[in-house]
Amino acid sequence: MNRLNEKMTNFRWIICAMLFFATTINYLDRQVLSLTWDEFIKPGFHWNESHYGTITSVFSIVYAICMLFAGRFVEWMGTRKGFLWAIGVWSVGACLHAVCGIVTEASVGLHGAAELAGATGDVAVAIATISMYCFLVARCILALGEAGNFPAAIKATAEYFPKKDRAYATSIFNAGASIGALFAPLSIPPLAKHFGWEMAFVIIGVFGFIWMGFWVFLYDAPARCRRVSAAELEYIEQDRREKPAANAVEQTEAEEKKLPFLKCFTFKQTWAFAVGKFMTDGVWWFFLFWTPSYLSMQFGIKTSEGLGMALIFTLYAVVTVLSIFGGKLPTIFINRSGQNPYAARMKAMLIFAFFPLFVLLAQPLGMNFAHLGRSAAWIPVILISIGCAAHQAWSANLFSTIGDMFPKGAIATITGIGGMAGGIGSMILQKGAGNLFVYASGTTAVEGNEVEMTKELLLQGAEYVRPAMHYMGFEGKPAGYFIIFIICAVAYLVGWIVMKALVPKYKPIAAE
């Protein structure tokens, strides 16, 4: 076939759509637990916030460690095979959650959810512990596979899009995180309610295997892909024209050459990206993992009821609409002022860093309008959605700084290093939040076990151990949530300041 005579194609956007759906599935699988644990899993397994915090924090640290090597794995396997391995492994991990109840029942000698929920004393403690470790195994496998999503997606974006379009393409596929979170409350709680929480994990997990079939059929490197015309290939590779044609071959070889793994850590550009991820990834994951529990605790709203589904849906609908514009903003700056891509992205990221400050108002306004009853939940949800939208816009541009600074052969590796930093930050925030919420609620001693303090237990003569925490007018778990909201609100400005200090001006890295 003579590709020179072909018309301009737009196959790169088909690839972007595939990356979008992969990220959507990624977040659907990740969110099944957050939408089922409080209402469906917690009662049968006798969990509290500390158990859930342990599970989410271990997921985060395993994800972080795997991200460190996932980028290198993708570089080694190639984008096509690397992505197949990643989504295959995480889909298996997603489905494995469904057998945690069976393993727990067999371990303690009980049968059925009713017997598990009715257990007391040491048996209840054993159920909570065993089930937690079962979920930890499944979450670790999920984390192992999911760690490959963003290194593979960012590498595919760098292969199929010129620098000026990468932030926009990244914002589109990164919106899959919002879409996954958007449809999760509409699908997962009803599935869990009608078919059991186990089937919710299985049904959502199967989508990954379906995606793999399309990926095998569609993906290949642009230069080898039958569906990419010569005109589109020339558009994709337009950045190479920045240097004289005589150096084109040398430039291509330099772009594809891999940087030594340890050498990547010697660049300030690597640390700037890692700091940006460390400071902000945990914020997104906190709201992803804990918002359903927050609505249940603060307003008594379950995710399986209409209001709960509407609130979570609205939150991520706002995120989806607003975040896509975030990837377009640097292009506007570039076209109007001629700034280099890095300067334009940093300017956009500074703007986005101020929007999470709205989260500071979520808890105070939610409490001040408590007279509205459960309808008051709309206020914090809208404010949180603004902060989450800013995160997704920030994240799309943060990912794109890798392509600005590093050759293509190092992009997946740097993405993995940054992902590890983000996972560590998330682990600290998730575990810290879980322990803080248990501590903030106060405890009593009842038959030798610590449980959450309630007025009913105190009236029954339970031994007083620790009062509920007070902080800036809030008491108990609401005080704990307000502290975490403060951390989330200022994280982006702190991250931007450190990034700017490390890399004040555009300075790309060249492979030697």
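Residues numbered from 1 in each chain as written. Predicted model: local features only at pLDDT ≥ 70, side-chain atom pairs only at ≥ 80, totals over all residues. Heavy atoms only, no water.

A. Looking closely at the environment of T280. Within the secondary structure, T280 sits in helix α12 (residues 268-299). T280 sits 141 residues away from A421 along the chain, and the two C-alpha atoms are 9.9 Å apart. Excluding residues that lie within four positions of it along the chain, T280 makes contacts with H391, W394, A491 and Y492. (Helix = DSSP H or I, 4+ residues; strand = E, 2+ residues; numbered from the N terminus. Contact = heavy atoms within 4.5 Å.)

B. View of a nonpolar patch on the surface. A contiguous nonpolar surface patch, about 830 Å² in accessible area, is contributed by V92, L96, V99, I102, V103, V206, F207, F209, I210 and F214. For the nonpolar patch, the elements supplying multiple residues, two or more each, are α3 (79-96), α4 (100-108) and α9 (197-218). It is α9 that provides the largest number of residues to the nonpolar patch, a total of 5 residues. Here L96 is to be found in helix α3. (Patch = residues over 30% accessible without salt bridge, like charges linked within 9 Å, V, L, I, M, F, W, Y side chains within 5 Å. Areas by Shrake-Rupley, 256 points an atom, 1.4 Å probe, with all protein chains shown as cover. Salt bridge = Lys/Arg side-chain N within 4 Å of Asp/Glu carboxyl O.)

C. The arrangement of the pattern of salt bridges in detail. Here the structure, examined in full by the defined rule, presents 10 salt bridges. Two residues, K155 and E159, come together in a salt bridge whose shortest N-O distance is 4.0 Å. With K155 and E159 both in helix α7 (residues 149-160) and 4 residues apart, the pair spans about one turn of that helix. In the salt-bridge network here, residues are joined through shared partners; they are E75, K155 and E159.

D. Highlighting the nonpolar core. Counting 151 residues, the largest nonpolar core has W47, F135 and F286 as its most contacted members. The dominant element in this core, judged by the number of residues it contributes, is helix α1 (residues 11-45), at 16 residues. (Core = buried A, V, L, I, M, F, W, Y, C linked by side-chain atoms within 4.5 Å. Buried < 20%, exposed > 50% of the residue type's maximum accessible area, 1.4 Å probe, protein only.)

E. Inspection of the environment of F325 at higher detail. Turning to its location among the elements, F325 is positioned in helix α13 (residues 306-337). Accessibility expressed as a relative area gives 47% for F325, which makes it partly exposed. It is 8.2 Å that separates the C-alpha atoms of F325 and Y168, two residues lying 157 residues apart in sequence.

F. Region of interest: unusual backbone geometry. A positive phi is found at H46, a non-glycine position, where the angle reads about 60 degrees. By secondary structure assignment, the location of H46 is in the loop between α1 and α2 (49-77). For M472, which is not glycine, the phi torsion reads 50 degrees and is therefore positive. The residue M472 is located in the loop between β4 (470-471) and β5 (474-475) in this model.

G. Here's a closer look at the packing of helix α16 (residues 378-405) against helix α17 (residues 408-441). The geometry of α16 relative to α17 is characterised by a closest axis approach of 9 Å and an angle of 140 degrees between their N-to-C directions. Classified by the interaxial angle, the pair formed by α16 and α17 is oblique. Crossing of α16 over α17 shows right-handed handedness. Here F399, I402 and G403 of α16 lie close against α17, whose contacting residues are I411, I414 and T415. For the contact of α16 with α17, the per-class residue count stands at 4 nonpolar, 2 polar and no charged. (Axes fitted to C-alpha atoms, helices over the stretch in contact; angles between N-to-C directions. Parallel < 35°, antiparallel > 145°, perpendicular 65-115°, else oblique. Left-handed = near helix turned anticlockwise from the far one by under 90°. Nonpolar A, V, L, I, M, F, W, Y, C, P; charged D, E, K, R; others polar.)

H. Geometry of the packing of aromatic side chains. For the coordinates displayed, the defined rule picks out 47 aromatic pairs. Seen in terms of ring centroids, F273 and F399 are 6.1 Å apart; in terms of plane orientation they differ by 50 degrees. Their pairing is tilted. In this pair, F273 is assigned in helix α12 and F399 in helix α16, connecting sequence segments 126 residues apart. Among the aromatic side chains, those forming a connected cluster through ring pairs are W37, Y52, F286, F287, W290, Y294, F299, F437, Y481 and F485. When the ring centre of F59 is taken as reference, the NZ or CZ atom of R139 above it lies at 4.9 Å. (Phe/Tyr/Trp six-rings, centres within 6.5 Å; stacked < 30°, edge-to-face > 60°. Lys NZ or Arg CZ within 6 Å of the ring centre and 35° of its normal.)

I. Summary view of α9. Given a rise of 1.5 Å per residue, 22 residues ought to cover 32 Å, and the 34 Å separating the end C-alpha atoms of α9 matches this to within 8%. By the burial criterion, the buried members of α9 are W197, A200, F201, I204, G205, G208, W211, W215 and L218. All buried residues of α9 fall inside an arc of 120 degrees around its axis, so they share one side. The inward-facing, buried residues of α9 contact α1, α3, α4, α6 (121-146) and α8 (163-195). (Expected span 1.5 Å × (residues − 1). Arc of directions from axis to C-beta.)

J. Layout of the environment of T157. Among the structural elements, T157 can be located in helix α7. For T157, a relative accessible area of 2% corresponds to the buried category. Along the backbone, T157 and R12 are 145 residues apart, and their C-alpha atoms lie at a distance of 8.6 Å. If near-sequence neighbours (up to four positions away) are discounted, T157 is found in contact with L19, R166, A169, T170 and F173.

K. Expanded view of α17. Compared with the 50 Å implied by 1.5 Å per residue over 34 residues, the 50 Å span of α17 between its first and last C-alpha is a close match. Most of α17 is tucked away: 27 of the 34 residues are buried. Looking one or two residues beyond α17, the residue adopting positive phi is G442, at roughly 80 degrees.

L. Representation of the side chain of D29 in the model. Examined against the element boundaries, D29 turns out to sit in helix α1. With no salt bridge to any partner, buried D29 finds its closest opposite charge in R139, at an N-O distance of 8.3 Å. Excluding its chain neighbours within four sequence positions, the residues that come into contact with D29 are W90, A94, R139, L142, E146, I204 and G205. (Lys, Arg positive; Asp, Glu negative; His and termini not counted.)

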